[in-house]
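# Chain and residue survey
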Amino acid sequence: MEKSAFDKIYEVVKQIPYGQVATYGQVAALAGNKRWARVVGYALHVNPDPDNIPCYRVVNKEGRVSDAFAFGGGNRQVELLKAEGVEFAGDCVKMTQYQWERPIY
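Conventions and cut-offs
- Residues numbered from 1 in each chain as written.
- Predicted model: local features only at pLDDT ≥ 70, side-chain atom pairs only at ≥ 80, totals over all residues.
- Heavy atoms only, no water.
- Salt bridge = Lys/Arg side-chain N within 4 Å of Asp/Glu carboxyl O.
- Helix = DSSP H or I, 4+ residues; strand = E, 2+ residues; numbered from the N terminus.
- Buried < 20%, exposed > 50% of the residue type's maximum accessible area, 1.4 Å probe, protein only.
- Core = buried A, V, L, I, M, F, W, Y, C linked by side-chain atoms within 4.5 Å.
- Contact = heavy atoms within 4.5 Å.
- Axes fitted to C-alpha atoms, helices over the stretch in contact; angles between N-to-C directions.
- Left-handed = near helix turned anticlockwise from the far one by under 90°.
- Nonpolar A, V, L, I, M, F, W, Y, C, P; charged D, E, K, R; others polar.
- pLDDT = per-residue confidence, 0-100.
- Phe/Tyr/Trp six-rings, centres within 6.5 Å; stacked < 30°, edge-to-face > 60°.

### Thoughts on the pattern of salt bridges
For the structure shown, the criterion picks out five salt bridges. Between Arg76 and Glu79 there is a salt bridge, with its nearest N and O atoms 3.1 Å apart. Of this pair, Arg76 and Glu79 both sit in helix H4 (residues 73-83), separated by three residues, roughly a single helical turn. When its relative accessible area of 35% is taken as the criterion, Arg76 is described as partly exposed. For Glu79, a relative accessible area of 46% corresponds to the partly exposed category. With a closest N to O distance of 3.2 Å, Lys94 and Glu87 form a salt bridge.

Written as structure tokens, this is what we have:
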């Protein structure tokens, strides 16, 4: 049976290392379709297992957190990332230091 788009997205998000972030577009491409950035957002908003699928490690391409973070709002997402040592410049993650560098095939 073929995996759903959401299943593919969750598999990618589970791979984002502690203390790093990925963008919606990056997750989309790694899940198999670079046009799925919005689908990634939808999938993370209904994350069925937030303890094992670290959706807070996904940010936009500028490094901004989501105001609509489903598990406590944007401030909670910032708290979770900072707890892992991720640093911010203003309201954006320092992407050059903390973006996951997994190659996209």
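### Considerations on the nonpolar core
Counting residues in hydrophobic clusters, the biggest one holds 18 residues, and the most contacted among them are Ile9, Val13, Ile16, Val27, Val40 and Val58. Those elements giving two or more residues to this core turn out to be helix H1 (5-15), helix H2 (24-31) and helix H3 (37-45). Once residues lying within four places of it in the same chain are set aside, the contact partners of Val13 are Val27, Leu44, Ile53, Pro54, Cys55 and Val58.

### Observations regarding the packing of H1 against H2
One can describe the packing of H1 onto H2 by two numbers: an axis separation of 9 Å at closest approach and a directional angle of 115°. H2 is crossed by H1, and the crossing has right-handed handedness. Along the contact surface, H1 presents Lys8, Ile9, Val12 and Val13, while H2 presents Val27, Leu30 and Ala31. Tallied by class, the residues present in the contact of H1 with H2 amount to six nonpolar, no polar and one charged.

### Topic: the confidence of the model for the protein
Overall, the predicted model of the protein reaches an average pLDDT of 91, with 92% of residues at or above 70. Ranking the elements of the protein by mean pLDDT puts H4 last, at 88, and H1 first, at 97.

### Quick word on the environment of Ile53
Mapped onto the secondary structure, Ile53 falls in the loop between H3 and strand S2 (58-59). For Ile53, a relative accessible area of 4% translates into the label buried. With 11 residues separating them in the primary sequence, Ile53 and Tyr42 have C-alpha atoms 14 Å apart. Those residues in contact with Ile53 that lie beyond four places of it in its chain are Tyr10, Val13, Lys14, Asn47 and Pro48.

### Digging into the packing of aromatic side chains
Counted under the stated rule, the structure contains one aromatic pair. Ring centres 6.2 Å apart and planes at 70° place the aromatic pair Phe6 and Tyr10 in the edge-to-face group. Highlighted residues: Phe6 and Tyr10, both in helix H1, separated by four residues, approximately one helical turn. Owing to a relative accessible area of 8%, Tyr10 belongs among the buried residues under this scheme.

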